[in-house]
Amino acid sequence: MKQLKITTWNINSLRVRLPQVLDWLKVHQPDVLALQETKVVNDKFPQEAFAKIGYHAWYSGQKTYNGVAILSREELQNIITDLPNLEDPQRRILGATLGDIRLLNLYVPNGGDLESEKYSYKLNWLERVKDYLQKSLVKYPRFIVLGDFNIAPEDQDVYDPEIWYENILCSTRERKALKNILNLGFYDSFRLFDQEQMSFSWWNYRQGAFRRNHGLRIDLILISKDLISNCKKAVIDKEPRRLKQPSDHAPMTSFFT
DNA sequence: ATGGTTGACGATCAA
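Attention in this report is confined to the structure presented alongside it. (Residues numbered from 1 in each chain as written. Chains lettered and ligands numbered in written order. Predicted model: local features only at pLDDT ≥ 70, side-chain atom pairs only at ≥ 80, totals over all residues. Heavy atoms only, no water.)

Structural notes on the overall build of chain A
Of the regular secondary structure elements, chain A holds five helices and 14 strands. Over its C-alpha trace chain A gives a radius of gyration of 17 Å, about what one expects of a compact globule, namely 18 Å for 257 residues. Overall, chain A is about 45 × 45 × 40 Å in size when its C-alpha atoms are taken along their principal axes. Taking all 257 residues of chain A together, 57% fall into the buried category. Within chain A, counting contacts between residues at least 6 apart in sequence, those at least 24 apart form 69% of the total. Split by element, the accessible area of chain A, about 12,100 Å² in all, is 48% carbon and sulfur. (Helix = DSSP H or I, 4+ residues; strand = E, 2+ residues; numbered from the N terminus. Rg over C-alpha atoms; globule rule 2.2 N^0.38 Å. Buried < 20%, exposed > 50% of the residue type's maximum accessible area, 1.4 Å probe, protein only. Contact = heavy atoms within 4.5 Å. Areas by Shrake-Rupley, 256 points an atom, 1.4 Å probe, with all protein chains shown as cover.)

Examining the sheet that holds strand β4 (residues 68-72)
The strand order across the open sheet built from six strands is β3-β4-β2-β1-β14-β13, with neighbouring strands paired in mixed fashion. What marks the edges here is a single partner per strand, and that holds for β3 (56-60) and β13 (231-236). Ignoring strand direction, the axes of neighbouring strands in this sheet form an average angle of 15 degrees. Two strands pair when backbone bridges link them, and β13 and strand β14 (residues 252-256) are joined in this way by five bridges, in the antiparallel orientation. Within the sheet, the bridge partner assigned to V235 lies in β14 and is T253. The sheet strands contacting helix α1 (residues 14-28) are β1 (4-10), β2 (32-36), β4 and β14, and the helix crosses β1 at an angle near 160 degrees. (Pairing = 2+ DSSP bridges. Axes fitted to C-alpha atoms, helices over the stretch in contact; angles between N-to-C directions.)

Encoded structure:
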């Protein structure tokens with residue numbers, strides 16, 4: 001397998017973060033960058049800016065909220081923006097094929113709080129994604145599901161599990177929904193390697209959370225069993241979070257050979 | 001005690 005570097009990054013508005021994304025791409029040159037929360041309609045997607053530095057772009061956006069995109073050095077095929085078993089006006093899904101690898105970029109619903117309709121929407125949405133992946137994995141044994149999952153898989157992915165106990169992003173039912181996806185035969189690539197304690201990918205803008213490393217690891221790259229032997233490294237790059245006007249999320253990258 | 005931050009948008013809503 002050719003060397004491959006694949007990144008996920010929730011950039012919380014592509015219009016605001018475009019210069020940072022371009023700078024990051026120039027320095028790190030991943031083969032694929034999956035973006036979430038682009039918050040830009042398709043007509044206004046800045047594809048020329050990416051073309052200039054050698055990236056093709058595919059995107060599924062909407063006004064104000066959500067929106068996903070995939071940037072890639074190589075052409076991608078078989079693009080999908082919706083699942084056949086999930087009708088959803090919210091633009092949260094982008095699937096594509098790179099060579100013999102299938103990619104699914106997800107912006108999983110946040111869920112609001114546990115009593116809200118947003119929470120049941122989140123749980124149902126994850127169930128539909130799981131059903132879709134179960135079928136799709138048969139066709140594409142080399143599969144990468146990546147994005148902002150809005151779920152911290154385990155307590156080790158939370159700076160203070162007691163504060164977050166049964167809170168949104170950490171609750172039992174959503175963790176179970178993620179586990180159901182993993183049980184199809186996916187692996188959290190970050191945990192295939194030794195990592196520092198207290199490694200996170202998201203820090204609230206409030207209360208100096210980043211400075212105090214009060215974060216959660218909710219941005220994930222899941223890989224199917226057939227890709228495990230190819231996966232050599234997985235890292236979260238905290239540098240962009242230190243910049244002025246940062247996204248509240250850091251980019252996460254997995255490396256393959 | 002309150003509000004604590006950011007973004008889209010143009011009053012609040014979402015995260």
